[in-house]
Amino acid sequence: MQNADVLTQKQIQEFLKGSRSIEFTAQNRAEVYGFIQQVLVAQEYAMQGKKQRGAIRAYLCKVTGMSLPQMARLIRQYRQEGVVEAVAYRRRRFATKYTSRDVALLAEVDRAHGWLSGPATVHIFRRAYQQFGQADHVRLAEISVAHLYNLRHSARYRKLAARWEPTRPSAIAIGERRKPDPQGRPGFLRVDTVHQGDWEGVKGVYHINAVDAVTQWQVVGCVGRISESFLLPLLEAMLHQSPLRLLGFHSDNGSEYVNYEVAKLLQSLLIDFTRSRANRTQDNALVEGKNGAIIRKHMGYGYIGAEHAERVQNFHTTHLNPYLNFHRPCGFATVSLDARGKRQRQYPREDYATPYEKLKSLAEAAGYLKENLSFARLDPLASRLSDTECAKKMSTARAALLRIVQTESPIPPRFH
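Scoring rules and cut-offs
- Residues numbered from 1 in each chain as written.
- Predicted model: local features only at pLDDT ≥ 70, side-chain atom pairs only at ≥ 80, totals over all residues.
- Heavy atoms only, no water.
- Helix = DSSP H or I, 4+ residues; strand = E, 2+ residues; numbered from the N terminus.
- Rg over C-alpha atoms; globule rule 2.2 N^0.38 Å.
- Contact = heavy atoms within 4.5 Å.
- Areas by Shrake-Rupley, 256 points an atom, 1.4 Å probe, with all protein chains shown as cover.
- Pairing = 2+ DSSP bridges.
- Axes fitted to C-alpha atoms, helices over the stretch in contact; angles between N-to-C directions.
- Phe/Tyr/Trp six-rings, centres within 6.5 Å; stacked < 30°, edge-to-face > 60°.
- Buried < 20%, exposed > 50% of the residue type's maximum accessible area, 1.4 Å probe, protein only.
- Parallel < 35°, antiparallel > 145°, perpendicular 65-115°, else oblique.
- Left-handed = near helix turned anticlockwise from the far one by under 90°.
- Nonpolar A, V, L, I, M, F, W, Y, C, P; charged D, E, K, R; others polar.

Chemist: In this structure, what is going on with the overall build of the protein chain? I would like to understand it.
Modeler: Counting its regular elements, the protein chain contains 15 helices and ten strands. Taken over C-alpha atoms, the radius of gyration comes to 41 Å for the protein chain, far larger than the 22 Å a tight globule of 416 residues would show. Considering only C-alpha atoms, the protein chain reaches an extent of 120 × 80 × 55 Å along its principal axes. Partitioning the contacts of the protein chain with sequence separation of at least 6, the portion at a separation of at least 24 is 67%. Per element, the accessible surface of the protein chain, about 25,800 Å² overall, is 51% carbon and sulfur.

And the structure:
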């Protein structure tokens, strides 16, 4: 606003009427105070009557955005002192004894001695001045222990003495974080957990999925709780179901597997325990693909209460696992490099086979079986039913199982 301090009384009245819906906000306090003083001097505020003074006061409040009490205080200052200016802050302060140089010296001594206690540090300063004649230690030689800690808490000291170290991950000496390297040998398992839903905060069953990296021999188990007391017996049973001599056990970094009890079990069986690496999503990709293609496809996503874990486990052992390993063909990838050096996976039609067929096709396949097993004992299991007959039998048993668990489990409400 230009010439806002020399408006006439009539112009001020018209301004107040025309700017009722407009609000002003001041930016610089020094400029605002100077403007207020100019208006009060130009309008000869002390010589005006009550009505004119009220208009001037309302005009100043409108233009500067100040409240009426603030403006009354500044006008009072103008009438008493003849000026409008900010009052200097006159807080009482103690005299500064220890300078920034003393704080820097304290940080230097603490860094050199490894942050000793207060009394020990004070003794070092006293010896430096009295015994070694270091004049720059004269003030710190007389400092009290309490005030030494005050200096250590100051912002300047923290800036000078701060130690920046990278975050150190906590080392867990359970399993080695690396990708397994079977080198064409079966017996290296990839293991993962699939949770079968929640219901009002109550956890459902957990499926434990274990897949061999070479033959894709798959063993699925079920447990009601994921704690060690429930999981360890199931893992032992699943390892016993596999006909292969197990050499490796690879999982993600979930606490259900990365614990000392599981590590002790695997060590007793002479099985190498490895874990997925950080930012390496392909380390456990085989079993994660089987989670969706097998478990979610056959068991769905609906809630199954933990009380049905034994019933589901019997279904996996009796029906699902034999179907998967003896009658369900799997694709086996052939990896090649293109012109740009990028890996390409292809699944030739002639390479499709059941896990049992894949196992028998390996060189020296009999040597990968457990000591008490042979192909002569496994062949009758593979040829007892045709693939379709086994699939139908498994589907019938699965339908009966799901009817039971859904009948005895809470039914989710329907929203229309």
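Still to come is the rest of the account.
Chemist: It is not clear to me how the sheet that holds strand β6 (residues 218–223) should be interpreted in this structure. Could you clarify?
Modeler: Hydrogen bonds along the backbone pair up the strands of a sheet, which may run parallel or antiparallel. Reading across from one edge, β1-β8-β7-β2-β5-β6 is the order of the six strands in this open sheet, with mixed pairing throughout. Of all the strands in the sheet, just β1 (176–177) and β6 have a single pairing partner and so form its edges. Pairing of strand β5 (residues 206–212) with β6 involves six bridges; the strand directions are antiparallel. Of the residues in β6, the one forming a bridge with A210 is V219. Along the sheet, helix α12 (residues 309–326) contacts β5 and β6; its crossing angle with β6, the most-contacted strand, is approximately 170°.

Chemist: What am I meant to see in the packing of aromatic side chains here?
Modeler: Throughout the structure, instances matching the rule amount to six aromatic pairs. With centroids separated by 5.2 Å and ring planes inclined at 65°, the aromatic side chains of F326 and Y356 adopt a geometry described as edge-to-face. Separated by 30 residues along the polypeptide, F326 in helix α12 and Y356 in helix α13 (residues 355–361) bring together distant segments of the chain. Owing to a relative accessible area of 11%, F326 belongs among the buried residues under this scheme.

Chemist: Explain the packing of helix α2 (residues 29–42) against helix α4 (residues 68–81) here, please?
Modeler: Contact geometry for α2 and α4: axes closest at 11 Å, N-to-C directions at 60°. In terms of orientation, α2 lies oblique with respect to α4. For α2 against α4, the interelement crossing comes out right-handed. Facing α2, whose interface residues are Y33, I36, L40 and V41, α4 presents M71, R73, L74, I75 and Y78. Of the residues contributing to the contact of α2 with α4, the split by class is eight nonpolar, no polar and one charged.

Spatial relationships are all this shows, so hold off on functional conclusions.
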